[in-house]
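Fold and geometry: a report
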Amino acid sequence: MSELTISRRGLLAGSALLLASTALPAIGFAQTPKKGGRLVLAADSEPRNLNPAIVASNGVFFISSKIVETLAEASFDGKDGLQPRLALSWEGAADGLSVTFKLRDGVKWHDGKPFTSADVAFSALQIWKPLQNLGRAVFKDLEAVETPDELTAIFKFAKPTPFQLILNALPALSSVVPKHVYENGKIEDNPANNAPVGTGPFKFAEYKAGQYYRLTRNDAYWGKDEPYLDEIVYQVLPDRTSAAAALEAEEIQLAAFSAVPLADLDRISKVPGLKVITKGYEGLTYQLVVEINHRRKELADLKVRQAIAHAIDKDFVVKTVFLGYAATATGPVPKNDPQFYTADVPTYPFDVAKANALLDEAGYKRADDGKRFALKLLPAPYFNETKQFGDYLRQALAAIGIDAQIVNNDSAAHIKAVYTDHAFDLAVGPPVFRGDPAISTTILVQSGIPDGVPFSNQGGYKNAELDALIVKASETLDTAARTELYKEFQKKVAADLPLINVAEWGFISVARDTVGNIANNPRWAVSNWADTYLAG
Amino acid sequence: MNRLRRFLRTPEAIAGVLILALLLVMALAAPLFFPGDPQAIAGPALLPPFQDWRLPLGTDRLGRDVLAELFHGARTSLAVGLAAAAAALLIGAVVGTLAGFAGGLVDEVLMRVTDAFQTVPGFLLALAFVSIVGPSLSVVVAAIALSAWTGPARVARAEVLSIRERDYVTGARVIGMHPLEIAFREVLPNALPPVLALSSVIVAAAILTEAALSFLGLGDPNRVTWGGMIAEGRTVLRTAPFLSIIPGIALVLTVLGVYLAGEGVVESTAVRRSLS
């Protein structure tokens, strides 16, 4: 046992050192940005559809957010947590039935045509509401977008829609695409989905499958002197270990989204000329959750779910699986959310004895071989951390007499098994918190979601009280009252455990010292990089 | 006795047998030395080897004892290697004997099926089979056997073709034995030695195939396998290379041991043949 404490201390010291090492270079970057240069960075996936208005996911944003802009971007210190992009200001009506956006003047599409309110109306009504994975829920009551002049767009809702929700949705859900490119033919089949046209600081130049994406500078960009870079090249490096090597060999200057494995960070932070940055993902918090299939008789029992929650040592998970680059979770809203988070929820401290007692109480006694019952455990294959947590969870469950058999699948098979076929007892999933529980969090516990919707409640959980709370919150206009309802939501979820939140994490970027203005907003990796530059 | 002495005269055979014996002891003694779950978390994560005498080979990303995993991995590797080889030899010997002894249409059909299996690269066949049926130990064994039985089938057929013309086979026919009885009681036992000589190659290939499948995440995830250990270690290759190197060395030694012992057997039988 004594070694364990020593190593924990060592780990803490190590992570403190890391934090210090990221703080130091930041001081040296208070210099004027330099123009020109090509930024080469690692890309670990190759999305085929690059239209962020249709596919609102971080893999798409990573590339297309530089080309296609949103109405507003998340900001550390701006009003409403936002900084203006295509919209200069926004105002919600008191009755929740309309939101008025004043748009930026003098913005041109990459093909030279002017950007107007008609483009916003078209994107909202024809794409965000009917086609976008996340927009479907948020804009479901959007009825019309009025355009009294070229620079004003008024969103009209059929039912009262909370202004707070619209604001929180702007950074991820409001990518504006040109009406004149998309108005003819089927939107899903438009060639611009693979070679996007936008208003952003960079233009799409070319894509070579399996090799790279190349973006070039938009000389007519609205930002003064921006962008600073001439070119951005996304080098496709699907193998995570190769990203670290490529950084060291100076083949790439940046690896975002933890392309460098966490276990390598300690070593790579000591390489001269490289810096490890933990900021810039505050608006993209991933949550490590244990998804539960409530159709299983044992798991439908709250005592069993509580026992599982008590059996998981969250501190161990954060320190060992995430090597300290994560935080323990208390409920369905991450701790780093400034608006909704509450710590006032039932908690489940690590306590194997209590977990065993709960299982005994529930009537699942240990058999002669020490096992109570067997479960199928499906860890999501997307991240090393979800797979490793699956291995850990198996051991944690073994300690309380639950025999978990791991089933490994590739991404497609995992999504089918969990979200369509429900062929799981426990699954490990990484849902994303997107600044507002109504965007992608409440669907994790809400009942009545059709089969096959990924990252939603497919565990057969049904709680009328929670469902009513979710509906009420989605109709409550008053920000304070709405926030209060979501705090209630967190309490109820933590008490009834439709799923178990274990940890929450942001990603890590590793960059050369020469890359400037990194991580200057909470969604930096998926923002437009107009102010990013290369020094020296 | 004489044969054993001859076998042990070659140094590579001795080395091979020693390695295999060591491995067998490891596999059999694994539950004695490391009782309980080898995947249980035993200490701090990523402890390098030779730091703590209780965890002599260190720990992996989750703090599991690498030595315990290595011992239990030997069980999986040997079990899969031997089971797959036995299954492949059995299928191969039966198919080869039937084809060779029956001749005609049966021979034609069986050999074309064998050809069909031989034209598909064995590893791809195993990969496809496991991805469709789903990874578990028995499926992995079946997948490897499926891709390895063609060699023994061809060798068995060739032997049977020459044996079936011998006098004692004609004799058996004359006394009215059933053709199947002749094939499996008189012919097959005499055709077996050259087929069995293939076993070392098949065992070695089976162990490697199992490791490769596990490496690609298609092994049984609830068992420790060397291939799986290498795959897991790969994510921390630069920081903790020992996690990949240790099971890698075990794999190399095992395959080497099987080959050397097989060589020894072949050589000792070759000497016997040339003497007789």
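All figures in this text were calculated on a predicted structure; none of them were measured in a lab.

Things to note about the overall build of chain A
From N to C terminus, chain A includes 16 helices and 22 strands. By the compact-globule yardstick of 24 Å for 536 residues, chain A fits well, its C-alpha radius of gyration being 24 Å. Based on the C-alpha atoms only, the size of chain A along its principal axes is roughly 75 × 55 × 40 Å. Put simply, chain A has 536 residues, and 51% of those count as buried.

Quick notes on the packing of helix α3 (residues 66–102) of chain B against helix α4 (residues 104–119) of chain B
Residue and element names in this part refer to chain B. The geometry of α3 relative to α4 is characterised by a closest axis approach of 7 Å and an angle of 145° between their N-to-C directions. When you trace α3 past α4, the crossing you get is left-handed. Across the interface between the two elements, V95, L98, A99, G100 and A102 of α3 pack against G104, V106, D107, L110, M111 and T114 of α4. Residues that form the contact of α3 with α4 fall into these classes: seven nonpolar, three polar and one charged.

Remarks on helix α10 (residues 199–215) of chain B
Residues and elements named next belong to chain B. The end-to-end C-alpha distance of α10, which contains 17 residues, comes to 24 Å, matching closely the 24 Å that a straight helix rising 1.5 Å per residue would cover. Taking burial as the measure, the 17 residues of α10 include 12 buried ones, the bulk of the element. Taken residue by residue, α10 has S200, I202, V203, A204, A205, A206, I207, T209, E210, A211, L213 and S214 as its buried positions. Positive backbone phi, approximately 80°, marks G217, located one or two places after α10.

Points about the interface of chain A and chain B
At the interface, 20 residues of chain A touch 21 residues of chain B. Those elements that provide at least two residues to the side of chain A that touches chain B are α1 (2–27), α7 (240–248), α8 (262–268), α12 (384–399) and β16 (402–406) of chain A. Ranked by residue count, the leading element in the side of chain A that touches chain B is α12(A), at six residues.

Things to note about the nonpolar core
A:L247, A:A255, A:V290, A:F322, A:L393, B:I144 and B:A206 are the most contacted members of the largest nonpolar core, which totals 237 residues. If you tally residues by element for this core, the top one is α3(B), at 16 residues. Apart from the residues within four sequence positions on either side, B:A206 is in contact with B:V80, B:G81, B:A84, B:A85, B:I144 and B:A148.

Re the packing of α10(B) against helix α11 (residues 226–234) of chain B
Residue and element names in this part refer to chain B. Packing of α10 against α11 brings their axes to within 7 Å, and their N-to-C directions diverge by 40°. In terms of orientation, α10 and α11 fall into the oblique class. Here the hand of the crossing between α10 and α11 comes out right-handed. Mapping the contact onto sequence places E210, A211, A212, L213, S214 and F215 in α10 and W226, G227, G228, I230 and A231 in α11. Class assignment for the residues of the contact of α10 with α11 results in seven nonpolar, three polar and one charged.

Description of the sheet that holds strand β4 (residues 87–92) of chain A
Residues and elements named next belong to chain A. Here four strands make up an open sheet; going across it, the order is β4-β5-β7-β6 and the pairing antiparallel. Strands with a single pairing partner mark the edges of an open sheet, and in this sheet they are β4 and β6 (142–146). Neighbour-to-neighbour, the strand axes of this sheet turn through a mean angle of 20°, independent of strand direction. The pairing of β6 with strand β7 (residues 152–157) spans four bridges and is classified as antiparallel. Pairing of E146 across the sheet is with I154, part of β7. The strands touched by helix α3 (residues 117–128) within the sheet are β5 (98–103), β6 and β7, with β6 carrying the most contacts at an inclination of about 170°.

Some words on the pairing of β16(A)
Residues and elements named next belong to chain A. Burial of the side chains of β16 is restricted to one face: I402, A404 and I406 are buried, whereas none of D403 and Q405 on the reverse face is. Examined bridge by bridge, strand β15 (residues 373–379) and β16 share five bridges and lie parallel to one another. Within the sheet, the bridge partner assigned to L375 lies in β16 and is A404. In this view, the connection linking β15 to its parallel neighbour β16 by way of α12 has right-handed handedness.

Scoring rules and cut-offs
- Residues numbered from 1 in each chain as written.
- Chains lettered and ligands numbered in written order.
- Predicted model: local features only at pLDDT ≥ 70, side-chain atom pairs only at ≥ 80, totals over all residues.
- Helix = DSSP H or I, 4+ residues; strand = E, 2+ residues; numbered from the N terminus.
- Rg over C-alpha atoms; globule rule 2.2 N^0.38 Å.
- Buried ≥ 20, exposed ≤ 12 C-beta atoms within 10 Å, placed from the backbone.
- Axes fitted to C-alpha atoms, helices over the stretch in contact; angles between N-to-C directions.
- Left-handed = near helix turned anticlockwise from the far one by under 90°.
- Contact = placed C-beta atoms within 7 Å.
- Nonpolar A, V, L, I, M, F, W, Y, C, P; charged D, E, K, R; others polar.
- Expected span 1.5 Å × (residues − 1).
- Core = buried A, V, L, I, M, F, W, Y, C linked by C-beta atoms within 7 Å.
- Parallel < 35°, antiparallel > 145°, perpendicular 65-115°, else oblique.
- Pairing = 2+ DSSP bridges.
- Right-handed = clockwise from strand over helix to strand, strands pointing away.

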